[in-house]
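Observations on the three-dimensional arrangement
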Amino acid sequence: LWWRSVYASTNGFAYESFMDELAIAAGKDPLVFRKQYAKEERCQQLINKLEEVSGWKNRKKGYGVAITECFGTTVGQVVKISRQADGKIKIDQVWAVIDCGWYVNPDTIKAQVEGSIVMALGAATIHEITFDNGMVVQKNFYAYNMPRISDVPPVEVHIMENSADAGGVGEPGLPPFAPALTNAIYDLTGKRIRKLPFSMAAI
């Protein structure tokens, strides 16, 4: 049925994956590289906040970042991953910073961003429609997997304070997650993912 963020999710994945590749090709820190080309003061402040809350400057391997804008709102996310003893990749933490301008209820904003991240996790790593002899295989939820509680990492949401015009909050939290995750996977493994969805178990 309805899909959060529409074009912004597909475009955001392409843009922010490519931005990461440019930063690496230039030998630059991916977050510093983005800040270098961010012209708006609000975006500069968002990057500073994202750097602060995620402990970006003290990070080790397994961190990825993405920043996207849609519906009048900018959201930056940092995803931290690690490889477990069994060889599987685990998402350890997600930090999100949202600049939606003037707002009323911070709990509503945090809930929307958290929900968007769960939906983005499913879209990036679990949801897939396949066909057999021209017929859809996943006819209902018994065959269409959804993220479980055990799949969802801790999520920390921070809201930028300013008096700018209010933007959306229901959709902008989704687009940055997939590129932040795949950029983190590249940071940890050197493997660049360019197609969604992908299997975390295959990394």
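Now for a description of the structure that goes with this document. The numbering scheme is per chain: residues are counted from 1 as the chain's sequence reads. This being a predicted model, a pLDDT of at least 70 is required before a residue's local features are given, and a value of 80 or more before pairs of side-chain atoms are given or counted; all residues contribute to the totals for chains, interfaces and linings. Here the side-chain values reflect all heavy atoms present in the structure, with hydrogen atoms and water set aside.

1. Notes on the pattern of salt bridges
- Just to be clear on terms, a salt bridge is a Lys or Arg side-chain nitrogen sitting within 4 Å of an Asp or Glu carboxyl oxygen. Inspection of the entire model under this criterion finds nine salt bridges.
- A salt bridge links Arg194 to Glu21; the shortest N-O distance between them is 3.0 Å. With Arg194 in the segment after α5 (177-189) and Glu21 in helix α1 (residues 7-25), the pair connects residues that are 173 residues apart, well separated along the chain.
- For the exposure calls, accessible area comes from a 1.4 Å probe over protein chains only, and a residue counts as buried if that area is under 20% of its type's maximum, exposed if over 50%, partly exposed in between. Given a relative accessible area of 26%, Glu21 falls into the partly exposed group.
- Notably, a salt bridge pairs Lys57 with Glu51, separated by 3.9 Å at the nearest N-O pair.
- What emerges from the salt-bridge pattern is a single network uniting Glu16, Asp20, Arg34 and Arg192. A run of H or I in DSSP counts as a helix once it spans at least four residues, and a run of E counts as a strand once it spans at least two, with each numbered from the N terminus.

2. Digging into the pairing of strand β3 (residues 89-99)
- Burial runs high along β3: ten of the eleven residues are buried.
- DSSP-based pairing: two strands are paired if at least 2 bridges between them are found. As paired elements, strand β2 (residues 73-83) and β3 share ten bridges and run antiparallel to each other. In the strand pairing of β3, Arg83 is matched with Ile89.
- Relative to strand β6 (residues 155-159), β3 runs parallel, the two being bridged by five bridges. Across the sheet, residue Val97 finds its bridge partner in β6, namely His158.

3. Considering the side chain of Asn183
- The residue Asn183 is located in helix α5 in this model.
- For Asn183, a relative accessible area of 1% corresponds to the buried category.
- What Asn183 contacts, discounting residues up to four positions off in sequence, is Glu16, Ser17, Asp20, Arg34, Tyr63, Gly64, Val65 and Arg192. Whether two residues are in contact is decided by their heavy atoms, any of which lying within 4.5 Å being enough.

4. Regarding α1
- Every helix has an expected span of 1.5 Å times one less than the residues it contains. Here α1 is 19 residues long and its end C-alpha atoms lie 27 Å apart, about the 27 Å a rise of 1.5 Å per residue gives.
- Regarding α1, the residues found buried are Ala8, Ser9, Gly12, Phe13, Glu16, Ser17, Asp20 and Ala23. Seen from one end, α1 has its buried residues packed into an arc of 145°, which puts them on one side. Residues of α1 that are exposed and angled more than 90 degrees away from the buried face: Thr10, Tyr15, Phe18 and Ala25.
- In the stretch just after α1, Gly27 is the one whose phi turns positive, near 70°. When we speak of the arc, we mean the arc of directions from the helix axis to the C-beta atoms.

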